[in-house]
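Listed below, chain by chain, are the residues.
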Amino acid sequence: MSTTEDSRYEGFTAEERAAMKAHAEEGKKAARRGSRAEKAAEAARDVLAKIAEMRDADRIMAERVHAVIMAGAPDLAPRLWYGMPAYALNDKIVCHFQPAEKFKTRYATLGFSDQAKLDEDAMWPVAFALTEMTPEVEARISALVKQAAG
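All values derive from a computational prediction rather than experimental measurement.

Draft legend 1. Layout of the overall build of the protein chain. Along its length, the protein chain carries four helices and five strands. Projecting the C-alpha coordinates of the protein chain onto the three principal axes gives extents of approximately 55 × 40 × 35 Å. Expressed as a percentage of its 150 residues, the buried residues of the protein chain come to 35%. Of the accessible surface of the protein chain, which amounts to about 9,800 Å², a share of 53% is contributed by carbon and sulfur atoms. Positive and negative charge centroids in the protein chain, built from 22 and 24 side chains respectively, lie 7 Å apart.

What follows is the structure in C-alpha cells.
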C-alpha cells in the first residue's frame, strides 16, 4: 500500500479496538458450558447491564428501543454484539443499537444485518439514525423489527 505525506494509515481507533475486544469476550462467554436457557438469560442480563452503563441520552433511547423490540418481536433474543445491545434470531444477529457515544457520533443508530427480512425492490435502508424516541419512531421500529424477524 502506498502512502502520501497527507494520508497515512493510522490503524484502528480506540473505540474500534474496544469493540473488537468486547466481541472476543462475548465469544468466550458464549462458549462456556451451560444450558441454552441459562445462556439466554445471562445474555439478556448482559444487554440490560450494558444499557444501564450508557450515558443518559443513549441509555434512555436504548431502554425504549429494547422495550419496543422485545414487545414487537419477542422471538428475537437479546445479546451483546461488539459491546452493543443486539437482537438475534436462531443465533444470527438481526438488529443492533449503536449508542452515539460508542464511536463518538452525533446520533445513535438502529442497524439491521443481512439476516433482517427488510428486502424491498433493489435497494432498502439497513440503518436508521435515532435522535429521539417519539410514539411515531417507536411504531416505525416495531414495524421494522416485526418485518425483520418475519
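Draft legend 2. Inspection of the pairing of strand β3 (residues 92-98) at higher detail. β3 sits mainly inside the fold: six of its seven residues count as buried. Here strand β2 (residues 84-89) pairs with β3 via four bridges, running antiparallel. Looking at the pairing, Leu89 lines up with Lys92 of β3. Between β2 and β3, which pair antiparallel in sequence order, lie two residues; one of them, Asn90, sits at a positive phi of approximately 55 degrees.

Draft legend 3. Expanded view of the packing of aromatic side chains. Enumeration according to the criterion identifies two aromatic pairs in this entry. Ring geometry for Trp81 and Tyr82: centres 5.1 Å apart, planes at 85 degrees, overall edge-to-face. Note on Trp81: relative accessible area 25%, which makes it partly exposed. Their ring planes at 90 degrees and their centres at 6.1 Å tell us that Phe112 and Phe128 sit as a pair that is edge-to-face. Linking Phe112 in strand β4 (residues 108-112) with Phe128 in strand β5 (residues 127-130), this pair joins segments that are 16 residues apart in sequence.

Draft legend 4. Broad picture of helix α3 (residues 56-72). Given a rise of 1.5 Å per residue, 17 residues ought to cover 24 Å, and the 24 Å separating the end C-alpha atoms of α3 matches this to within 8%. Listed in full, the buried residues belonging to α3 are Asp58, Met61, Ala62, Val65, His66, Val68, Ile69 and Gly72.

Draft legend 5. View of the environment of Trp81. Of note, Trp81 is situated in strand β1 (residues 77-81). Residues Trp81 and Ala52, 29 residues apart in the sequence, show an inter-C-alpha distance of 16 Å. Beyond its immediate chain neighbours, meaning those up to four positions away, Trp81 contacts His23, Glu26, Ala86, Ile93 and His96.

Draft legend 6. Quick peek at the pattern of salt bridges. Summed over the entire model, instances satisfying the criterion amount to seven salt bridges. Here Lys104 and Glu15 are joined by a salt bridge, their closest N and O atoms 2.2 Å apart. Remark: Glu15 occurs in helix α1 (residues 14-31) and Lys104 occurs in the loop between β3 and β4; sequence separation between them is 89 residues. In this structure, Glu53 and Lys50 form a salt bridge, with 3.5 Å as the shortest nitrogen-oxygen distance. Here the residue Glu53 and the residue Lys50 both occupy positions in helix α2 (residues 36-53), the gap between them amounting to three residues, near one helical turn. Through salt bridges that share partners, Asp56, Arg59 and Glu63 make up one connected network.

Draft legend 7. Structural view of the nonpolar core. Within the largest apolar cluster, 29 residues are counted, with the highest numbers of intra-cluster contacts made by Val65, Ile69, Leu76, Phe112 and Ile141. Counting only elements with at least two residues in this core, the list comes to α2, α3, β2, β3, β4, β5 and α4 (135-149).

Parameters and conventions
- Sequence order as written defines the numbering, with residues in each chain counted from 1.
- Two thresholds apply to this predicted model, a pLDDT of at least 70 for residue-level local features and 80 or more for giving and counting side-chain atom pairs, whereas whole-chain, interface and lining totals are computed over all residues.
- Computation of side-chain values covers all heavy atoms of the structure but excludes hydrogens and water.
- Comment: elements are numbered from the N terminus, with helices defined as DSSP H or I runs of at least four residues and strands as E runs of at least two.
- Buried residues are those whose accessible area, probed at 1.4 Å on protein chains only, stays under 20% of the maximum for their type, while exposed residues exceed 50% and partly exposed ones sit between those limits.
- Each accessible area is a Shrake-Rupley estimate made with a 1.4 Å probe; only the visible protein chains count as cover when residues are assessed.
- By the counting scheme adopted, Arg and Lys are positive, Glu and Asp are negative, and His together with the chain ends is not counted.
- Here the site of a charge means atom NZ of a Lys, CZ of an Arg, CG of an Asp or CD of a Glu.
- In this description, strands pair whenever DSSP reports at least two bridges between them.
- Ring pairs are drawn from Phe, Tyr and Trp, using the six-membered ring of Trp, whenever the two centres fall within 6.5 Å, and their geometry is named by plane angle: stacked under 30 degrees, edge-to-face over 60, tilted for the rest.
- Each residue after the first adds 1.5 Å to the expected span of a helix.
- Only heavy atoms matter for contacts: two residues are in contact if any of them lie within 4.5 Å across the pair.
- What makes a salt bridge here is a side-chain nitrogen of Lys or Arg within 4 Å of a carboxyl oxygen of Asp or Glu, nothing more.
- By nonpolar core we mean a set of buried residues, namely Ala, Val, Leu, Ile, Met, Phe, Trp, Tyr and Cys, connected to one another through side-chain atoms within 4.5 Å.

These figures come from the coordinates and say nothing about function on their own.
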